[in-house]
Amino acid sequence: MLQISDDTISHLKKIKQTLMDKKCEAIQFLDLRDVHSYLSIFVLATVKTETQGRSCAKDIDKFMKPLKLAVKRNLVDLPKDSTGWILLDYGEICVHIMTEEMRNFYSLDRLWGDAQPILL
């Protein structure tokens, strides 16, 4: 298994703290590098409301955006009537913020069950 860089660990810890501060639940970090050739790290978090999810996404993007980690950074435009799933793509790190309904329906935890958890 490949070692995760200190910078990446630092970014993940900041993301985790933001999610915890925003009262997210079921926060998971998955290392997908050994499971799939072009995926690296997934962060999964459950929110109670879409408003809470948008707030989390905005706070995470505040400190991740200036790092310019991805050539093409995707922050889904955060409409008031979103789908219950927000994806923040920072290249190596993809953050999935989902309502409980979406998290249960898509079950990314189970889909990527072969991935190693990252304990922070």
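Bear in mind the structure is a predicted one, so any value in this text is a computation, not a measurement.

A look at the pairing of strand S5 (residues 93-99)
Here is the key point about a regular strand: its side chains alternate between the two faces of the sheet.
Step number 1: The buried fraction of S5 is high, at seven of seven residues.
Step number 2: In this sheet, S5 lies alongside strand S2 (residues 41-47) in parallel orientation, the contact comprising seven bridges. Paired with Ile41 across the strands is Ile93, a residue of S5.
Step number 3: Both strand S4 (residues 85-90) and S5 contribute to a ladder of six bridges, which runs antiparallel. If you follow Leu87 over to S5, its bridge partner there is His96.
Step number 4: Taken together, S4 and the strand that follows it, S5, pair antiparallel across an intervening segment of two residues, in which Gly91 is found at a positive phi of about 80°.

Some points on the packing of aromatic side chains
Step number 1: One pass over the full model with this rule turns up three aromatic pairs.
Step number 2: Plain terms: the ring middles of Phe42 and Trp112 are 6.1 Å apart, the flat faces sit at 80° to each other, and that makes the pair edge-to-face. Taken as a pair, Phe42 in strand S2 and Trp112 in the loop between helix H4 (108-111) and strand S6 (116-117) lie far apart in primary sequence, 70 residues in all. With respect to burial, Phe42 and Trp112 carry one shared label: buried.
Step number 3: A ring pair is formed by Trp85 and Tyr106, whose centres lie 4.9 Å apart and whose planes are at 50°; its orientation type is tilted. With Trp85 in strand S4 and Tyr106 in helix H3 (residues 100-106), this pair connects stretches of sequence that are 21 residues apart.
Step number 4: According to the relative accessible area criterion, Tyr106 is partly exposed, its value standing at 38%.
Step number 5: Among the aromatic residues, those joined into a ring-pair cluster are Trp85, Phe105 and Tyr106.

Basis of the calculations
- Residues numbered from 1 in each chain as written.
- Predicted model: local features only at pLDDT ≥ 70, side-chain atom pairs only at ≥ 80, totals over all residues.
- Heavy atoms only, no water.
- Buried < 20%, exposed > 50% of the residue type's maximum accessible area, 1.4 Å probe, protein only.
- Helix = DSSP H or I, 4+ residues; strand = E, 2+ residues; numbered from the N terminus.
- Pairing = 2+ DSSP bridges.
- Phe/Tyr/Trp six-rings, centres within 6.5 Å; stacked < 30°, edge-to-face > 60°.

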